[in-house]
Number of protein chains: 2
Amino acid sequence: MRIVVLAGGIGGARFLRGLKQAAPDAEITVIGNTGDDIHLFGLKVCPDLDTVMYTLGGGINEEQGWGRRDESFTVKEELAAYGVGPEWFGLGDRDFATHIVRTQMLGAGYPLSAVTEALCDRWRPGVRLLPMSDDRVETHVAIEVDGERRAVHFQEYWVKLRASVDALAVVPVGAETAKPAPGVLEALAGADLILFPPSNPVVSIGTILAVPGIREAVAAAGAPVVGLSPIVGDAPVRGMADKVLAAVGVESTAAAVARHYGAGLLDGWLVDTVDADAVAEVEAAGIRCRAVPLLMTDPDATAAMAREALTLAEEVRG
Amino acid sequence: MRIVVLAGGIGGARFLRGLKQAAPDAEITVIGNTGDDIHLFGLKVCPDLDTVMYTLGGGINEEQGWGRRDESFTVKEELAAYGVGPEWFGLGDRDFATHIVRTQMLGAGYPLSAVTEALCDRWRPGVRLLPMSDDRVETHVAIEVDGERRAVHFQEYWVKLRASVDALAVVPVGAETAKPAPGVLEALAGADLILFPPSNPVVSIGTILAVPGIREAVAAAGAPVVGLSPIVGDAPVRGMADKVLAAVGVESTAAAVARHYGAGLLDGWLVDTVDADAVAEVEAAGIRCRAVPLLMTDPDATAAMAREALTLAEEVRG
């Protein structure tokens, strides 16, 4: 079975680990969000791709969900001693090596997809990891500072400001002219199943869908498209998805997120058991819906979620 | 007193520390060799500038003479795990930060001289450190490999091959079109004293002199030019200077190095007491010469050497 997953960072990566356990023989292609990529210290950092790669490759800091295990921060301390920031972005020494290799390869002319493949040669994540695009896309968030509207990089909004102010708009700068990376459209067209893990619907999956051609390929795919709600009990399971949902006028409920994707895209939707009320509303919108436990508390619970998604896909397929 | 010093790496840096002790009120400008600069992992590494900066700024690994004290090698280990080399060049985590800052600033359009000044804002070396040029100059060494002549980067010859094969030629690639960095010619013209520390006469001081305008400015300067022999008892005090001296047809003796610079450049030359025989030969070549202890065994011995250089300069000045 060929499964294609549109993934952001921590939530997507953890779900993928469960999916690999639930469907060990599946051929999994991951289309990773690159809208939160950022240049730091002259290096190209791809937080979501790396979180998927480290998580599936056994290098992740499990507690934190991002970054490397057994990490040290010597380089960062030295950069601070030079007065060079930002200090709010936690790049460790092991992580720096990844960004150095990536930046060197990009500088030598390799596209991000080839660089990602080379990095995965080491990590062997057990999935084919594709960036959504080889072109630069950078998610900016409009906020108000001292009465003035200002756009900041998504990482500045998310990591530095911790989404403490309202997001007025979320703009994937560059998306309108970006092309899907090689293999992305082919994977979607050839998929037996397309999954939206419980990643952020706006800044992760929304950004991937903003690359011209990808939303259309998902909608046109013969395969069922099944998603898992990142909202449980009217609040994001992790992160601050409610802030960016508000920016696009979507309520932070499992049903509202399903309607936001819409029946044109989604065939099936899983909500948590605490949101069982939402099932009828989602089904009324033309999307098959089931209420199952959706907390990725451990790998087994996550694998059970993935199995529920596979089951729902079978139901949809009929 | 305004002193200008043409410096390579370890020998130059240690001498400068002694000079600062010997002449605490002098205004010292260092013209640093950049011919051994190298791009590693996409980063610009300036070994000689950094050795001067770290040594005078208190950050040097004293035993080794280069690199940072209390260094760790996490980034390098990770790069090796990605299969990315070279592994023969020992970049530590603290050192990496310097190269990251430098590369970021160069990428933003700052010339190397401005970058060096910014790095020195942290290290406060107590001297004005100027790269010999803002233009790229890269010393290549011609060697014979399997009967074929091949050019390798100086660092490959020096660090990887440890000068274990003969150097057939030493070529400062790019020197012929390089311009002296801002301040270099002005410093030489305004100097009260110009010193050649016991740095490598070919790949350190020779490379600096190869930048058009610098040799001429040294020769034309009103100030005495005094050098210290890096050869003691017919062998280099450290490093493998004999290998590159042979490539330019110069014997590894204190007298031969003085004659190599020549009376057109040098006014005074210090040889070690074991080379007292050389004094007459050097003076016969029109260069005032004294035999004094020239081993930089500790900071006080080094300061004593610097004082001898100042004394010889006074004699020359007459």
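Residues numbered from 1 in each chain as written. Chains lettered and ligands numbered in written order. Predicted model: local features only at pLDDT ≥ 70, side-chain atom pairs only at ≥ 80, totals over all residues. Heavy atoms only, no water.

Under an unreviewed UniProt entry, the name given to chain A is Phosphoenolpyruvate transferase, and the organism recorded is Streptomyces gulbargensis.

Visitor: I'm lost on the pairing of strand β6 (residues 138–145) of chain B in this one. Help?
Guide: Walk down a regular strand and you will see the side chains alternate between the two sheet faces. As judged from the 5 bridges shared by β6(B) and strand β8 (residues 169–173) of chain B, these two strands associate in the antiparallel manner. Within the sheet, the bridge partner assigned to Glu138(B) lies in β8(B) and is Val173(B). (Pairing = 2+ DSSP bridges. Helix = DSSP H or I, 4+ residues; strand = E, 2+ residues; numbered from the N terminus.)

Visitor: Explain the UniProt feature "binding site: 7,8-didemethyl-8-hydroxy-5-deazariboflavin" (unreviewed entry) in chain A here, please?
Guide: All names here are of chain A. With numbering aligned to this structure, UniProt lists the feature "binding site: 7,8-didemethyl-8-hydroxy-5-deazariboflavin" (unreviewed entry) at Asp50. Along the polypeptide, Asp50 turns up in helix α2 (residues 47–57). Taking the relative accessible area as the measure of exposure, Asp50 reaches 3% and is therefore buried. Among all residues touching Asp50, those that are not within four sequence positions of it are Thr55, Asp95, Thr98, His99 and Arg102. (UniProt positions renumbered as here; feature names shortened; annotations may be inferred. Buried < 20%, exposed > 50% of the residue type's maximum accessible area, 1.4 Å probe, protein only. Contact = heavy atoms within 4.5 Å.)

Visitor: Looking at this model, I keep getting lost on the packing of aromatic side chains. Mind explaining?
Guide: When we look at a pair of aromatic rings, we describe it by the centre distance and by the angle of the planes. For the structure on display, the rule yields 12 aromatic pairs over all chains. Considering the side-chain rings of Tyr54(B) and Trp123(B), the 5.3 Å spacing of their centres and the 65° angle between planes classify their relative orientation as edge-to-face. Of the two residues, Tyr54(B) sits in helix α2 (residues 47–57) while Trp123(B) sits in helix α5 (residues 112–123), which places them 69 residues apart along the sequence. The buried category is assigned to Tyr54(B), whose relative accessible area is 1%. Taken together, Phe196(A), Tyr261(A) and Trp269(A) form an aromatic cluster joined through their ring pairs. Stacked on the ring of Tyr82(B), the Lys or Arg Arg122(A) has its end atom at 4.6 Å from the ring centre. (Phe/Tyr/Trp six-rings, centres within 6.5 Å; stacked < 30°, edge-to-face > 60°. Lys NZ or Arg CZ within 6 Å of the ring centre and 35° of its normal.)

Visitor: Explain the packing of helix α1 (residues 10–22) of chain B against α2(B) to me, please; I cannot follow it from the model alone.
Guide: Residue and element names in this part refer to chain B. For the pair α1 and α2, the least separation of the axes is 8 Å and the interaxial angle reads 35°. Relative to α2, α1 is oriented so that their crossing is right-handed. Counting all contacts with α1, which are made through Ile10, Ala13, Arg14, Leu16, Arg17 and Lys20, the residues of α2 involved are Thr51, Val52, Thr55 and Leu56. Considering only residue class, the contact of α1 with α2 consists of 5 nonpolar, 2 polar and 3 charged. (Axes fitted to C-alpha atoms, helices over the stretch in contact; angles between N-to-C directions. Left-handed = near helix turned anticlockwise from the far one by under 90°. Nonpolar A, V, L, I, M, F, W, Y, C, P; charged D, E, K, R; others polar.)

Visitor: Just to check I follow, could you spell out α2(A) for this structure?
Guide: Spacing of three or four residues puts side chains on the same side of an α-helix, whose turn is 3.6 residues. Residue and element names in this part refer to chain A. Most of α2 sits out of view: 10 of its 11 residues are buried. Every buried residue of α2 is listed here: Pro47, Asp48, Leu49, Asp50, Thr51, Val52, Met53, Tyr54, Thr55 and Leu56. At the exit of α2 stands Gly58, carrying a positive phi of roughly 85°.

Visitor: Mind showing me how you'd approach the interface of chain A and chain B here?
Guide: How big an interface is tends to be reported as the loss of accessible area on association of its parts. At the interface, 25 residues of chain A touch 25 residues of chain B. Each partner contributes to the roughly 2,100 Å² buried at the junction of chain A and chain B, and carbon and sulfur atoms together form 64% of this total. Its largest share of buried area at the contact with chain B, chain A owes to Glu78(A), Tyr82(A) and Arg122(A), together 31% of the area lost on that side. Across the chain A-chain B interface, the total number found is 6 salt bridges. Of the charged contacts in the structure, one is a salt bridge between Arg94(B) and Glu78(A), with a shortest N-O distance of 2.8 Å. Elements with a contribution of two residues or more to the side of chain A that touches chain B: α2, α3 (74–81), α4 (93–107) and α5 (112–123) of chain A. Broken down by element, the residue count for the side of chain A that touches chain B peaks at 8 residues, all from α4(A). Grouping the constituent residues of the side of chain A that touches chain B by class yields 15 nonpolar, 5 polar and 5 charged. (Buried area = accessible area lost by both parts, 1.4 Å probe. Salt bridge = Lys/Arg side-chain N within 4 Å of Asp/Glu carboxyl O.)

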